[in-house]
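Residues per chain are reported as follows:
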Amino acid sequence: MIATQAKLVYQLNKYYNERSQARKAAIAKTIREVCKVVSDVLKEVEVQEPRFISSLSEIDARYEGMEVIAPNEFEVVLYLNQMGVFNFVDDGSLPGCAVLKLSDGRKRSMSLWVEFITASGYLSARKIRSRFQTLVAQAVDKCSYRDVVKMVADTSEVKLRIRERYVVQITPAFKCTGIWPRSAAQWPMPHIPWPGPNRVAEAKAEGFNLLSKECYSLTGKQSSAESDAWVLQFAEAENRLLMSGCRKKCLSILKTLRDRHLELPGQPLNNYHMKTLLLYECEKHPRETDWDESCLGDRLNGILLQLISCLQCRRCPHYFLPNLDLFQGKPHSGLETAAKQTWRLAREILTNAKSLDKL
């Protein structure tokens, strides 16, 4: 049994060094190429409208504010300034979302975003995005990369297609620190020892983001408060929780397997599903010794089996917001195909570690 385990860990490390590192290098190269274009477009936007200042920055050859959705799909989070005169309201009526409401009607004129405040005092995510979309469309026509970049039509999101190969979504956002959403108040669960008080404090200190984007939990609902709502995102807190042990290596392998074998029509599975299930696996195995390099095979198998279960039940709860289902709006047939494909993958890895050479 131990020999089999050791063989699997050896093969996974080999897979990580050959496949996952190659994937990382290829994506890093793509990001550099994509960021040149996006930075140029955002520079033009800033000239027209100084409130939209690019927050895309390169730190130690890594770009801050850039999320990889898939090898050819990215999201840039553009942080906006000054949210001061608004109250953050998340009463749970819009899963995964919150609204920003004027703390006092008299402060309307004090807001940097005065023309995007609705009659009922909400700062409208949709109105800001709509204005931003117009500015980006104009910037695309003026920027020095106009021959290789164009706007993606038929969406309220701000999306660029670059060299016909890559899609980059640019999402206006507010960074929130010093508060924690009420809808995430049940975290951490009192009876679960992971992540422990120190790391909980660190994660909460990272805060969260409010994104102006279409919220899949609201699809089909169109009351004004809902279209004005902002989507909650916890990227920095999640990354903080995955800092130690073989967690990041495990995630890197999962992303590589997803890109190579679970990139399916309708995209039922993305990298964020993998990250979410890894966080749940950390709760199931709370001791740091469970995340020693020698346990890599067990942890990976556990996550793949959990993924199959979620796909079969057609439900994958968000880690911090369990009322939010990350499979909502995904076609059932796509989830079924993904379940079968994940099962094939897990069975192959479980029964024959050497199969990783071909995966």
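As the structure is a computational prediction, the values presented were derived from the model and not from experiment. (Residues numbered from 1 in each chain as written. Predicted model: local features only at pLDDT ≥ 70, side-chain atom pairs only at ≥ 80, totals over all residues. Heavy atoms only, no water.)

S.K.: Any chance you could break down the pairing of strand β4 (residues 73–79) for me, citing the residues and the numbers?
M.R.: The buried count for β4 comes to six of seven residues, which makes it a mostly enclosed element. Counting the residues that bridge the hairpin from strand β3 (residues 66–70) to β4 gives two residues. Of the strand pairs in this sheet, β4 and strand β9 (residues 166–176) are connected by seven bridges, and their pairing is parallel. The residue of β9 that forms the bridge with Y79 is A173. (Buried < 20%, exposed > 50% of the residue type's maximum accessible area, 1.4 Å probe, protein only. Helix = DSSP H or I, 4+ residues; strand = E, 2+ residues; numbered from the N terminus. Pairing = 2+ DSSP bridges.)

S.K.: A description of the pattern of salt bridges should follow, citing residues and the corresponding values.
M.R.: Opposite charge on two side chains makes pairing possible when the charged atoms of those side chains draw close. For the coordinates displayed, the defined rule picks out 22 salt bridges. Close ionic contact of D357 with K14 constitutes a salt bridge, the shortest N to O distance being 3.1 Å. Remark: K14 occurs in helix α1 (residues 2–48) and D357 occurs in the segment after α9 (332–351); sequence separation between them is 343 residues. On the accessibility criterion, D357 (29% relative accessible area) is partly exposed. (Salt bridge = Lys/Arg side-chain N within 4 Å of Asp/Glu carboxyl O.)

S.K.: Summarise the nonpolar core; cite the residues concerned and give the values.
M.R.: One finds V38, L123, L210 and F320 to be the most contacted residues of the largest nonpolar core, which totals 101 residues. Here this core gets 13 residues from one element, more than from any other, and that element is α1. Formed by ten residues, the second largest nonpolar core is a distinct cluster that contains L94, V99, A173 and L211. (Core = buried A, V, L, I, M, F, W, Y, C linked by side-chain atoms within 4.5 Å.)

S.K.: Can you explain the UniProt feature "domain: Mab-21-like HhH/H2TH-like" (unreviewed entry) in the chain? Please cite residues and give values.
M.R.: The UniProt record annotates "domain: Mab-21-like HhH/H2TH-like" (unreviewed entry) at residues 246–343. Across residues 246–343 one finds 60% helix and 0% strand; the C-alpha atoms that close the span lie 23 Å apart. (UniProt positions renumbered as here; feature names shortened; annotations may be inferred.)

S.K.: Tell me about helix α8 (residues 296–313), and name the residues and values.
M.R.: Because the α-helix completes a turn every 3.6 residues, residues three or four places apart line up on one side. Compared with an ideal rise of 1.5 Å per residue, which puts 18 residues at 26 Å, α8 spans 26 Å between its outermost C-alpha atoms and is within 8% of the ideal. Every buried residue of α8 is accounted for by L296, G297, R299, L300, N301, G302, I303, L304, L307, I308, C310 and L311. (Expected span 1.5 Å × (residues − 1).)

S.K.: I'd love a proper account of empty space enclosed by the protein, names of residues and values included.
M.R.: Inspection of every chain in the model, using the stated rule, returns one cavity of 30 Å³ or more. In this structure, the largest cavity encloses a volume near 40 Å³. Looking at side-chain class alone, the lining of the largest cavity contains two nonpolar, one polar and four charged residues. (1 Å grid on protein atoms, 1.4 Å probe; cavity = no way out; pocket = protein on both sides within 12 Å on 5 of 7 lines; lining within 4 Å. Points joined across faces, edges and corners; volume = space filled by probe spheres on them. Nonpolar A, V, L, I, M, F, W, Y, C, P; charged D, E, K, R; others polar.)

S.K.: Quick rundown of the environment of L100? Include the residues and the values.
M.R.: Tracing the backbone through its elements, the reader meets L100 in strand β6 (residues 97–102). In sequence terms L100 and F86 are 14 residues apart; their C-alpha atoms lie 5.6 Å from each other.

S.K.: Requested: an account of the environment of L264, with residues and values cited.
M.R.: In this structure, L264 sits in the loop between α6 (247–261) and α7 (271–284). Note on L264: relative accessible area 15%, which makes it buried. Distance in space between the C-alpha atoms of L264 and P71 is 14 Å, their sequence separation being 193 residues. For L264, the residues in contact, after removing those within four places along its chain, are T337 and A338. (Contact = heavy atoms within 4.5 Å.)

S.K.: I'd like a description of the pairing of β9, backed by residues and values.
M.R.: Each regular strand carries side chains that alternate between the two faces of the sheet. The element β9 is largely enclosed, with a buried count of ten among its eleven residues. Bridge analysis of β9 against strand β10 (residues 208–211) gives four bridges, and the strand direction is antiparallel. Its bridge partner being in β10, F174 is matched across the sheet by L210.

S.K.: An account of α7 is requested, with residue identities and associated values reported.
M.R.: For α7, built from 14 residues, the straight-helix expectation of 20 Å at 1.5 Å per residue is met to within 8% by its first-to-last C-alpha distance of 20 Å. Of all the 14 residues making up α7, eleven are buried; the element is thus mostly covered by neighbouring parts of the structure. A side-chain oxygen of the first residue of α7 lies 2.9 Å from the backbone nitrogen of Y272; this N-cap is N270. (Polar contact = N/O pair within 3.5 Å; in protein donor to acceptor, adjacent residues only side chain to side chain.)

S.K.: Can you tell me about a nonpolar patch on the surface, naming the residues and giving the values?
M.R.: On the surface, L305, W343 and L350 cluster together into a nonpolar patch covering about 290 Å² of accessible area. Mapped onto the elements, L305 comes out in helix α8. (Patch = residues over 30% accessible without salt bridge, like charges linked within 9 Å, V, L, I, M, F, W, Y side chains within 5 Å. Areas by Shrake-Rupley, 256 points an atom, 1.4 Å probe, with all protein chains shown as cover.)

S.K.: With reference to specific residues and values, describe the state of the cysteines.
M.R.: In this structure the tally under the stated criterion is zero disulfides. With no disulfide partner, C282 has as its closest neighbouring cysteine sulfur the one in C250, 8.4 Å distant. By relative accessible area, which is 0% here, C282 ends up buried. (Disulfide = S-S within 2.5 Å.)

S.K.: Provide a residue-level description of the packing of α6 against α8, including the pertinent values.
M.R.: Relative orientation of the contacting elements α6 and α8 amounts to 50°, with a least axis distance of 10 Å. Of the possible angle classes, the one that applies to α6 and α8 is oblique. In the crossing of α6 with α8, the sense of the turn from one axis to the other is right-handed. Where α6 abuts α8, its residues K249, C250, I253, L254 and L257 lie against L296, R299, L300, I303 and L304. Counted by class, the contact of α6 with α8 contains eight nonpolar, no polar and two charged residues. (Axes fitted to C-alpha atoms, helices over the stretch in contact; angles between N-to-C directions. Parallel < 35°, antiparallel > 145°, perpendicular 65-115°, else oblique. Left-handed = near helix turned anticlockwise from the far one by under 90°.)

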